Amino acid sequence: MNDILQGLVSAFWLVVTFDADLVEISLRSLQVSLSALVLASAIAIPLGTWLAIRRFRYRRATIALLNALMGLPPVVVGLIVYILLSRSGPFGVLGLLFTPTAMIIAQVIIITPLIASITHQAMRDLWADYHDLLISLNASKRDRIAALIMDGRRTLLTASLAGFGRAIGEVGAIMIVGGNIDNATRVLTTAIALETGKGDFALALALGFVLIALAIAVNVLIHVLSRTERAGRW
Amino acid sequence: MVVAASLSAPRHHFGLRHAVVRRRGSTLLGPVTLALPPVGLTIVLGPNGAGKTTMLRAMHGLDRLSEGEVLSDEPLQAARRKQGFVFQSPIMLRRSVRANLAYPLKLDRVPSGQAAEAVERWAKRTGLTAVIDNPAPSLSGGEKQKLALARALIRKPELVFLDEPCANLDGRSTREIEELLSEAVEDGTRIVMTTHNIAQARRLATDAVFLFQGLIHEQGPADRFFDQPQRPETQGFLKGDLIE
């Protein structure tokens, strides 16, 4: 209990004094997670929507695989990305290992199935509502996807925020591919792991509280900007 | 009902030939053959499960035919561009009334100024101006049905299918919908509509079709259909008998 209290006090002082290290790793956390979120959303939202409206031979298997990939163990993803990006790996020549880019790649792989799967579920329900109307209006496939994304945008926002939540709280994969290098690839979660290992629970907790506050702040900000939960809106 | 004598839009032949719709082993419709008259409002009557909705959906290409064909001068896709469909439970896009009305024009790549003008005109015509910026799903049943009808008519289609557009509506809303339908027919739009309401059918129809157990039992001009029905099932249905 004392550790938690001390953690809260430390977190408060770290924030009010604009601790340089805290600001740096917080900004890096945001940079990595938001970049991964944008990239993953750009892949997952059209993919999930496409899966909702297209009928093809291996559709069921594809959806089952996508749902299964939601539970991808981050450590395994980290390991695979590590092998691919290491010097002896196929992409070693790019020199991306132990950089924020490698961390973004790992996070994109982890959160894309999650966003795509939630998108698919939401779009499938919306498509059931809209199917007859859009066919009747002769909407092209592109127009149908655009209409679903447009009208389901608030659900898609939720899907993206779920992805963001997973990305910003992720530690296993980015620890492996980023290496937790000070001033280079250290982010809030890897810093928490490091401080816990060193036995500095107060600082680890302080960083934890900052991480939670950051995640809440981003969620609130996105909700405010997208004007969700307002009267007369969907 | 007055029907415009000369219509500027080219008229296309449309109908069904030996059309059959089967689902999961049971026949929902057919075989039916139907050629729509070039103008007017065709009422499709029949008890529940007679195949009225299935026939409309098949003609519009929403349901695939198991046998037979849709009679059209053009490929089905091209023909559908000149058609509209109003569903029994109106489907509202999760947007404002304005955006719902504008959507078909957007699909047709109509310039935005022209589309905005058409939207305002149709909102006024359907009495939806006061709620034009409201979310469409929040409208009342009658308003939703008027919006669905306006959205189908805003493209000036040659042919509109309506599946029981006045089901569950009160007298006032029904009258407003009927006025819109009469105006549309006068403007040259061909309408095919299902209803259970025989009084409404008498008010609106220029010709009528009676469907029973998936088959067309009788069809013809409205006067003859309602005043001198030939088949006992039609006579019974028009008298209000329960037929199964």
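For clarity, every value in this text was computed on a predicted model and none was experimentally measured. (Residues numbered from 1 in each chain as written. Chains lettered and ligands numbered in written order. Predicted model: local features only at pLDDT ≥ 70, side-chain atom pairs only at ≥ 80, totals over all residues. Heavy atoms only, no water.)

Undergrad: Before we move on, can you summarise a nonpolar patch on the surface with the specific residues and values?
TA: All names here are of chain A. Taken together, the side chains of Val76, Ile80, Leu84, Phe91, Val93 and Leu94 make up a nonpolar region of the molecular surface, amounting to roughly 570 Å² of accessible area. By the element assignment, Ile80 lies in helix α4 (residues 74-85). Of the residues examined, Ile80 reaches a relative accessible area of 46% and is grouped as partly exposed. (Patch = residues over 30% accessible without salt bridge, like charges linked within 9 Å, V, L, I, M, F, W, Y side chains within 5 Å. Areas by Shrake-Rupley, 256 points an atom, 1.4 Å probe, with all protein chains shown as cover. Salt bridge = Lys/Arg side-chain N within 4 Å of Asp/Glu carboxyl O. Helix = DSSP H or I, 4+ residues; strand = E, 2+ residues; numbered from the N terminus. Buried < 20%, exposed > 50% of the residue type's maximum accessible area, 1.4 Å probe, protein only.)

Undergrad: Explain the side chain of Arg28 of chain A to me, using residue names and the numbers behind them.
TA: Looking at where Arg28 of chain A falls in the secondary structure, it is placed in helix α2 (residues 20-53). At 2.7 Å, the side chain of Arg28 of chain A forms a polar contact with the backbone oxygen of Arg186 of chain A. (Polar contact = N/O pair within 3.5 Å; in protein donor to acceptor, adjacent residues only side chain to side chain.)

Undergrad: Go over helix α6 (residues 141-151) of chain A, please, and point to the residues and values.
TA: Listing the buried residues of α6 of chain A in full gives Asp143, Arg144, Ile145, Ala147, Leu148 and Asp151 of chain A. For α6 of chain A, the elements touching its buried residues are α2, α5 (100-136) and α7 (153-168) of chain A together with α3 (97-107) of chain B. (Contact = heavy atoms within 4.5 Å.)

Undergrad: With reference to specific residues and values, describe the packing of aromatic side chains.
TA: The full count for this structure, using the stated rule, is nine aromatic pairs over all chains. Centroid distance Trp50 of chain A to Phe56 of chain A: 5.2 Å. Interplanar angle 25°. Geometry classified as stacked. Note on Trp50 of chain A: relative accessible area 36%, which makes it partly exposed. Seen from their ring centres, Phe210 of chain B and Phe212 of chain B are 6.4 Å apart, and the 20° between their planes marks the pair as stacked. Given the relative accessible area of 8%, Phe212 of chain B is considered buried. Each member of the aromatic cluster is reached from another via a ring pair, and the members are Phe14, Phe85, Phe87 and Phe161 of chain B. (Phe/Tyr/Trp six-rings, centres within 6.5 Å; stacked < 30°, edge-to-face > 60°.)

Undergrad: Could you give an account of the sheet that holds strand β4 (residues 67-72) of chain B, naming the residues involved and the relevant values?
TA: Residues and elements named next belong to chain B. Reading across the sheet, the three strands line up as β2-β1-β4 and stay open at both edges, with antiparallel pairing between neighbours. Every other strand in the sheet has two partners, leaving β2 (26-35) and β4 as the edge strands with one partner each. Within this sheet the neighbouring strands show an average axis-to-axis angle of 15°, counted without direction. Here strand β1 (residues 14-23) runs beside β2; their pairing, made up of six bridges, is antiparallel. What sits directly across from Val21, in β2, is Leu29. (Pairing = 2+ DSSP bridges. Axes fitted to C-alpha atoms, helices over the stretch in contact; angles between N-to-C directions.)

Undergrad: Tell me what's going on with the sheet that holds strand β5 (residues 83-86) of chain B, and back it up with residues and numbers.
TA: All names here are of chain B. As summarised here, the arrangement of the six strands in space is β5-β6-β7-β3-β8-β9, forming an open sheet in which the pairing is mixed. For this open sheet the edge positions go to β5 and β9 (215-221), each flanked by a neighbour on one side alone. Going from strand to strand, the sheet's axes swing by 15° on average, the running direction of each strand aside. In this sheet, strand β6 (residues 159-163) lies alongside β5 in parallel orientation, the contact comprising four bridges. Pairing of Gly84 across the sheet is with Val160, part of β6. Strands β3 (41-45), β6 and β7 (190-194) of the sheet are contacted by helix α6 (residues 171-186), whose axis makes an angle of about 145° with β7. Set on the sheet, helix α9 (residues 232-239) makes contact with β3, β8 (207-212) and β9; between it and β8 the angle comes to about 105°.

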